[in-house]
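Residues per chain are reported as follows:
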Amino acid sequence: MKVLKFGGASVKDAAGVKNLVHVLNTVGTQDTLVVVSAMGKTTNALERIIEVYFEDKKKVNQEILILKEFHLQIINELFESKTAKVVRAVQEYFDELIDFLKRNKAPNYNFVYDQVVSYGELLSTTIIHHYFEHQGWKSYWLDARACIKTDDYYRAANLNWEATQQEVQSHVKGKSLVITQGFIGSSSNNFTTTLGREGSDYSAAIFAYALNAESVTIWKDVPGVLNGDPRVFKETKLLHQISYREAIELAFYGASVIHPKTLQPLQRKEIPLFVKSFENPEATGTAVSKGKTLDPMIPCFIIKKDQVLIRLSSIDFSFIVEENISYIFGLLHEYQMPVELIQNSAISFSVCVNNKYKRLEELVLVLRSRFKVEVKEQVDLFTIRHFDTKALASIRKNGKQILLEQRTEETAQFVMG
Ligand code: ADP
Ligand code: ASP
Ligand code: MG
């Protein structure tokens, strides 16, 4: 089988869905598993519904109506006739969602979050499945929750690889064209779970791993992996080939074109990953596979915005040693602060973190009881892989102050603000 993944941007409207069919016509539909995200900004809209639900329930129905209209409009543009079946299916999902919110008594935000946001992918794949059938294709709609088995760590569920592999193989066996959802799975109690925002790339890799697929292609609004995000950097160049190791490093440092968890399962089975443009399906794009580290070997630029730099120093001029460092890391773990960069000296310790779960204030309060604490919010973390003098000079020219700098043989990092 080959696995194809289409993200939210590729199916943001009816034209996007038609283009998806065009891509499939170009690459073929045989022995293909298609993984699709929610349409456009649907996941953000569902996140708003959850917020409203916890703050002011009266506004929920209005928000749901807007989202329903968005999907019905796409259906209208896709199907000239015989739309009753798909409209009914979409209507049923919205009824189910409203019913869940009415009946739910669970106060657990993360649990409610997963039960609700998952509708984005259920809706998109249902519409696209019907559109496949409208083309005369024999399409099999697969509920990813029957296959992607996880623990119940809602919003960032961990995979049960063994159960998943078994379920995927038995559900997909004998089917030629399968369409399923990215991002979602289910716990052993059959409650819906999700794999974390932007997790559909990871879903594609999980399906590929379980199926021993020949390849995964993720279709994006860029020609492939470039040596920098074209929304941020000028004159970016296409990377033709990247090794798994290099791709993991790039994704880890924040090259958001590939979700960082995607690469490990593919590397384990040496399944090649192609990143291609859904606007130009015949172009070669980028291959992530065994082989050359990077082709062409050029500096790659990555920026993570809105990070936090925390500088700790001892109150009484005592050294910051292993014991304090282990205490600090314990707290960072407890307050769910992903660590991006660390640097220490005799009496100070600096750490650049991502305030992902908005728990900075709580953390700082605890740290102040043992250290002198300085916090600088909204800093940028720049990373250059395979830097050269010209690349380093370009960073220094961007007008911002360098607050912290660190270099290894392959990577230079700067915290700037
Ligand atoms: P999806 O539709 O699958 O969710 P994303 O929006 O997550 O796709 O990823 C595509 C975007 O990633 C591009 O529009 C681009 O702005 C951004 N991006 C960040 N870093 C890179 C990079 N190194 N190369 C290409 N695109 C990048
Ligand atoms: N729909 C989810 C999100 O927007 C998953 C994904 O698109 O990858 O985060
Ligand atoms: Mg996305």
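About the cut-offs
Note that residues are indexed from 1 along each chain, following the sequence as it is written. Ligands are numbered from 1 and chains lettered from A, in the order in which they are written. Thresholds applied to this predicted model are a pLDDT of at least 70 for local features of residues and 80 or more for the giving and counting of side-chain atom pairs; totals over whole chains, interfaces and linings are not thresholded and use all residues. Calculation of side-chain values draws on the structure's entire complement of heavy atoms; hydrogens and water are dropped beforehand. Only a single heavy atom is needed: when it lies within 4 Å of a molecule or strand, its residue is near that molecule or strand. Whenever two N or O atoms come within 3.5 Å, that pair is a polar contact, provided that in protein one can donate a hydrogen and the other can accept it, and provided that, for residues adjacent in sequence, both atoms are side-chain atoms. Residues are grouped as follows: Ala, Val, Leu, Ile, Met, Phe, Trp, Tyr, Cys and Pro are nonpolar; Asp, Glu, Lys and Arg are charged; all remaining types, including Gly, are polar. Planes of paired rings set the category: under 30 degrees apart is stacked, over 60 is edge-to-face and the rest tilted, where pairs are Phe, Tyr or Trp rings (Trp by its six-membered ring) whose centres lie within 6.5 Å. Each helix is a run of DSSP H or I of at least 4 residues and each strand a run of E of at least 2, with the numbering of both proceeding from the N terminus. For every residue, the accessible area (1.4 Å probe, protein chains only) is compared with the maximum for its type, and the residue is labelled buried under 20%, exposed over 50%, or partly exposed between those bounds. Think of it as a cone above the ring: NZ of Lys or CZ of Arg counts as a charge over the ring if it is within 6 Å of the ring centre and within 35 degrees of the ring normal. Two strands are counted as paired when DSSP detects at least two bridges linking them. The method behind every accessible area is Shrake-Rupley, applied with a 1.4 Å probe, and residues are considered shielded solely by the protein chains displayed. Lines fitted to the C-alpha atoms define the axes, with helices restricted to the stretch that makes contact. Angles between their N-to-C directions range from 0 to 180 degrees. Should an angle lie under 35 degrees it is considered roughly parallel, over 145 roughly antiparallel, and from 65 to 115 roughly perpendicular; all remaining angles are considered oblique. Two residues qualify as a contact provided that any one of their heavy atoms is within 4.5 Å of a heavy atom in the partner residue. The term salt bridge refers to a pairing of a side-chain nitrogen on Lys or Arg with a carboxyl oxygen on Asp or Glu at a separation within 4 Å.

Novice: What is the right way to look at the site of ligand 2 in this model?
Specialist: Taken together, Ser37, Ala38, Thr43, Glu121, Phe183, Arg197, Glu198, Gly199 and Ser200 form the complete shell of residues around ligand 2. Within the backbone of glutamate 198, a nitrogen or oxygen atom sits 2.8 Å from an oxygen atom of ligand 2. Here the residues of the shell around ligand 2 are counted per class, giving two nonpolar, four polar and three charged.

Novice: Teacher, can you tell me more about the packing of aromatic side chains here?
Specialist: To describe a pair of aromatic rings, one takes the distance between the centres and the angle between the planes. Overall, the coordinates contain 14 aromatic pairs when judged by the stated rule. Taking the centre distance of 6.0 Å and the plane angle of 10 degrees together, the rings of phenylalanine 6 and tryptophan 219 count as stacked. Of this pair, phenylalanine 6 sits in strand β1 (residues 2–6) while tryptophan 219 sits in strand β7 (residues 215–220); the two residues are 213 residues apart in sequence, bridging distant segments of the chain. Given a relative accessible area of 1%, phenylalanine 6 falls into the buried group. Exposure remark for tryptophan 219: the relative accessible area of 2% places this residue in the buried category. One aromatic cluster in this structure is built from Phe100, Phe111, Tyr154 and Phe191. When the ring centre of tyrosine 209 is taken as origin, the NZ or CZ atom of lysine 269, which lies over that ring, is 3.9 Å away. For arginine 370, the ring lying beneath its charged end belongs to tyrosine 327, and the centroid distance is 3.9 Å.

Novice: Even after reading the chapter, I still don't get the pairing of strand β15 (residues 371–385), so can you show me in this structure?
Specialist: The two faces of the sheet receive side chains in turn, since in a regular strand these alternate between them. Inspection of the sheet shows strand β12 (residues 300–314) paired to β15 by twelve bridges, in the antiparallel sense. The residue bridging cysteine 300 from the neighbouring strand is arginine 385, located in β15. In this sheet, strand β17 (residues 411–416) lies alongside β15 in antiparallel orientation, the contact comprising six bridges. Residue pairing for β17: isoleucine 384 is matched across the bridge by alanine 412.

Novice: I keep staring at the site of ligand 1 and nothing clicks. Help me out?
Specialist: Among the 17 residues in the neighbourhood of ligand 1, the closest are listed as Lys5, Lys220, Asp221, Asp229 and Arg231. Measuring from an oxygen atom of ligand 1, one finds a side-chain N or O atom of lysine 5 at 2.8 Å. In the environment of ligand 1, an oxygen atom lies 2.8 Å from a nitrogen or oxygen atom belonging to the side chain of aspartate 229. For ligand 1, the protein covers 88% of the area, taking 570 Å² as the surface of the free molecule. Here the residues of the shell around ligand 1 are counted per class, giving six nonpolar, five polar and six charged.

Novice: Help me understand the packing of helix α3 (residues 60–78) against helix α6 (residues 119–134), please; the structure alone is not making it clear to me.
Specialist: The packing of two helices is summarised by the inter-axis angle and the distance between the axes. Running from N to C, α3 and α6 cross one another at 10 degrees; their axes reach a closest spacing of 11 Å. The pairing of α3 with α6 is recorded here as roughly parallel in orientation. Of the residues in α6, those touching α3 at His71, Ile75 and Leu78 are Leu123, Ile127, Tyr131 and His134. Looking at the contact of α3 with α6, its residues break down into five nonpolar, two polar and no charged.

Novice: Just checking my understanding: could you explain the packing of helix α5 (residues 109–117) against α6 for this structure?
Specialist: One can describe the packing of α5 onto α6 by two numbers: an axis separation of 5 Å at closest approach and a directional angle of 10 degrees. Comparing the axis directions of α5 and α6 gives the class roughly parallel. Here α5 contributes Gln115, Val116 and Val117 to the contact with α6, which in turn contributes Tyr119, Gly120 and Glu121. Split into classes, the residues belonging to the contact of α5 with α6 amount to three nonpolar, two polar and one charged.

Novice: Looking at this structure, how should I read the sheet that holds strand β9 (residues 273–277)?
Specialist: The strands making up a sheet associate through hydrogen bonds between their backbones, and the pairing can be parallel or antiparallel. Pairing within the open sheet is mixed, and its nine strands lie in the order β3-β4-β2-β1-β7-β9-β10-β8-β11. Edge positions in the open sheet fall to β3 (140–142) and β11 (294–295), since each of these has one partner strand only. Pairing analysis gives five bridges linking β7 to β9, with the strands arranged parallel. If you follow isoleucine 218 over to β9, its bridge partner there is valine 275. Together, β1, β2 (32–36) and β7 form the strand contacts of helix α1 (residues 14–27), whose direction differs from that of β1 by roughly 160 degrees. In the packing of helix α8 (residues 200–211) onto the sheet, contacts are made with β1, β2, β3, β4 (177–181) and β7, and the angle to β2 comes to roughly 155 degrees.

Novice: What am I meant to see in the pattern of salt bridges here?
Specialist: Two side chains bearing opposite charge may form a pair once their charged atoms approach each other closely. Tallying each qualifying case throughout the model produces 20 salt bridges. Its salt-bridge partner being glutamate 47, residue arginine 197 comes within 3.1 Å of it at the nearest N-O pair. Remark: glutamate 47 occurs in helix α2 (residues 42–55) and arginine 197 occurs in the loop between β6 (192–194) and α8; sequence separation between them is 150 residues. Take arginine 197: its relative accessible area is 34%, and that puts it in the partly exposed class. Between glutamate 362 and arginine 359 there is a salt bridge; the shortest N-O distance is 3.3 Å. Overall, the relative accessible area of 38% leaves glutamate 362 in the partly exposed class. For arginine 359, a relative accessible area of 22% gives the class partly exposed. A single network of salt bridges, built from pairs that share partners, joins Arg245, Glu246, Glu249, Arg385 and Glu410.

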